[in-house]
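Remarks on the overall topology
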Amino acid sequence: MPRDRPKIPKDTLVNWQQLVDLVAQLADVPASLIMKTDAPEHAVLITSDHPDNPYPVGLSFQLNPKLYCQGVFERDGELVVEDASCDPAWADNDDLEHGMSFYIGLPLKWPDGTVFGTICVLDRKRNRQALLFREGLGQFARIIESDLALLQEVYLRRALEEKLNETLTQLENRVAERTRELQETNTALRVLLSSLDDDRKSRDHEIVEQVRNRVLPYLDKVRSHLGRDEAQHVYLDLAENNLNEITSSMSDKLTDAFAVMTPTEIEVAQMVMFGKTTKDIAKALSRETSTIDFHRNNIRRKLGLDGRSQNLRSHLLAIS
């Protein structure tokens, strides 16, 4: 159990005040005290409300062998001094400065057994009624220790809850930080992949343009100079078809498709890709729906979809 302790709340102090006042009344003594020990200091925490009580709250003593409460701690139990003036062990104790020659005290402990302080009664004469009340004083001591146990349990639970909340906050912060790191990494990867893809497309486009501009035209010239050798024509056609297939797989199909469309058809095609209906497109372009249907039919024809049931938007998305 941790050594730090909870503060005694005001409502508990009020209850203890009522308790010591009751003890003073039942034991018929001027002074009934709850003492708080923070070694080597031993101070009055609660004091009975009595005109002849010389012990105000906060009055502090240094623990020493001539202090009644020190005797309680040494015995780890009840100390009874009926008349200190007749007892050599206590004839010069500190409380005789106040004339308090009669004392009964019991230790008060935290749940782990460490000292909280004492509960005691004091008088200037031998007090038979207080002696008869010794068992009652012990019961009051147990009440105070029950309060201490409850306060300590509440304190530890709150401390544990705060620790759990702190740990949860730290974990949440770590998760959030890790999430940010992953998001940043993903963003960087997406940028890198996009850059690589752009580079690939750029290189593919260059190759396609070079083949189309620097190779295919010469094949036409070679064809015009071939004789009637059918085998040569076949091989030339195969070479041309293979080059067309290679460049076709390397080109941007959507860009190629847009290349054969008019600007209005491209606009309509893009809106179709975004899921716009004929009515939506007509409204956006300030055209009749019949005009949009005309452009859509032209687009289908140029994409080779004329007479086929394939959805135009699905086809455009597939080649994008």
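First, a word on scope: everything that follows refers to the structure included in this document.

What counts and what doesn't
- Residues numbered from 1 in each chain as written.
- Predicted model: local features only at pLDDT ≥ 70, side-chain atom pairs only at ≥ 80, totals over all residues.
- Heavy atoms only, no water.
- Salt bridge = Lys/Arg side-chain N within 4 Å of Asp/Glu carboxyl O.
- Helix = DSSP H or I, 4+ residues; strand = E, 2+ residues; numbered from the N terminus.
- Buried < 20%, exposed > 50% of the residue type's maximum accessible area, 1.4 Å probe, protein only.
- 1 Å grid on protein atoms, 1.4 Å probe; cavity = no way out; pocket = protein on both sides within 12 Å on 5 of 7 lines; lining within 4 Å.
- Points joined across faces, edges and corners; volume = space filled by probe spheres on them.
- Nonpolar A, V, L, I, M, F, W, Y, C, P; charged D, E, K, R; others polar.
- Axes fitted to C-alpha atoms, helices over the stretch in contact; angles between N-to-C directions.
- Parallel < 35°, antiparallel > 145°, perpendicular 65-115°, else oblique.
- Contact = heavy atoms within 4.5 Å.
- Lys, Arg positive; Asp, Glu negative; His and termini not counted.
- Phe/Tyr/Trp six-rings, centres within 6.5 Å; stacked < 30°, edge-to-face > 60°.
- Core = buried A, V, L, I, M, F, W, Y, C linked by side-chain atoms within 4.5 Å.
- Polar contact = N/O pair within 3.5 Å; in protein donor to acceptor, adjacent residues only side chain to side chain.
- Expected span 1.5 Å × (residues − 1).
- Pairing = 2+ DSSP bridges.

1. Things to note about the pattern of salt bridges
Proximity of charged atoms lets side chains of opposite charge pair with each other. Taken as a whole, this structure holds 11 salt bridges when the rule is applied. With a shortest N-O distance of 2.8 Å, D112 and R5 are connected by a salt bridge. Residue D112 is located in the loop between β5 (102-109) and β6 (115-123), and its partner R5 is located in the segment before α1 (10-27); the two are separated by 107 residues in the primary sequence. The class for D112 is partly exposed, based on a relative accessible area of 30%. Ionic pairing is found between K66 and D92, a salt bridge with its closest N-O pair at 3.1 Å. Of this pair, K66 sits in the loop between β3 (60-62) and α2 (68-75) while D92 sits in the loop between β4 (79-81) and β5, and the two are 26 residues apart along the sequence. Given the relative accessible area of 31%, K66 is considered partly exposed.

2. Overview of empty space enclosed by the protein
By the definition in use, this model includes one cavity of 30 Å³ or more. The volume enclosed by the largest cavity comes to roughly 70 Å³. As for the largest cavity, its lining consists of L33, M35, H42, Y55, F61, L67, Y68, C69, D95, Y103, C120 and L122. Of the residues belonging to the lining of the largest cavity, the class tally is 10 nonpolar, one polar and one charged.

3. Re the packing of helix α8 (residues 263-273) against helix α11 (residues 312-319)
Contact pair α8 / α11: the axes reach a minimum separation of 9 Å and the direction vectors enclose 95°. Overall, the two elements α8 and α11 adopt an arrangement that is roughly perpendicular. Every residue of α11 that contacts α8 at A269, V272 and M273 is listed here: L312, R313, L316 and L317.

4. Notes on the side chain of D95
By secondary structure assignment, the location of D95 is in the loop between β4 and β5. One buried charge, D95, has no salt-bridge partner; the nearest side chain with opposite charge is R124, at 10 Å. Each residue touching D95, except ones within four places of it in the same chain, is listed here: Y55, F61, L67, Y68, M100 and L122.

5. Remarks on the packing of aromatic side chains
What the rule picks out here adds up to five aromatic pairs. Here the aromatic rings of W110 and F116 are separated by 5.6 Å at their centres, their planes lie at 80°, and the arrangement is edge-to-face. Seen from their ring centres, F133 and F140 are 6.0 Å apart, and the 40° between their planes marks the pair as tilted. With relative accessibility at 13%, the residue F133 sits in the buried group. We classify F140 as buried; its relative accessible area is 13%. What links up through ring pairs into an aromatic cluster is the set W16, W110 and F116.

6. Considering the nonpolar core
Formed by 27 residues in total, the largest nonpolar core has its most connected members in W16, I34, F116, I119, L137 and I144. Not counting residues within four places of it along the chain, the set of residues in contact with W16 comprises I8, I34, L45, I46, F116, I144, D147 and L148.

7. Description of the side chain of T114
Mapped onto the secondary structure, T114 falls in the loop between β5 and β6. A polar contact of 2.5 Å, which involves the side chain of T114, links it to the side chain of R5.

8. Thoughts on the packing of α8 against helix α10 (residues 289-302)
At a minimum axis distance of 10 Å, the contact between α8 and α10 shows a crossing angle of 90°. When the interaxial angle is binned, α8 and α10 end up roughly perpendicular. Listed contacts from α10 to T264, E265, V268, A269 and V272 of α8 are I292, H295, R296, N298, I299 and K302. Per-class residue counts for the contact of α8 with α10 are five nonpolar, three polar and three charged.

9. Digging into α10
For α10, built from 14 residues, the straight-helix expectation of 20 Å at 1.5 Å per residue is met to within 8% by its first-to-last C-alpha distance of 20 Å. When we look at burial in α10, the residues that qualify are I292, H295, N298, I299 and R300. Those residues of α10 that are buried lie in contact with α8, α9 (278-285) and α11. The positive-phi residue at the C-terminal boundary of α10 is G304, with phi of around 80°.

10. So, the sheet that holds β5
Strand order across the open sheet formed by six strands is β3-β2-β1-β6-β5-β4, with antiparallel pairing between neighbours. Each edge of the open sheet is held by one strand with a lone partner, namely β3 and β4. Looking at each pair of strands side by side, their axes are set apart by 25° on average, direction ignored. Here β4 runs beside β5; their pairing, made up of three bridges, is antiparallel. Following the sheet pairing, V81 is matched in β5 by Y103. Packing of α1 onto the sheet brings it into contact with β1 (31-38), β2 (41-47) and β6, and relative to β2 it is tilted by some 80°. With respect to the sheet, α2 is in contact with β1, β2, β4, β5 and β6, its orientation differing from that of β5 by roughly 50°.

That is the geometry; function is a separate question.
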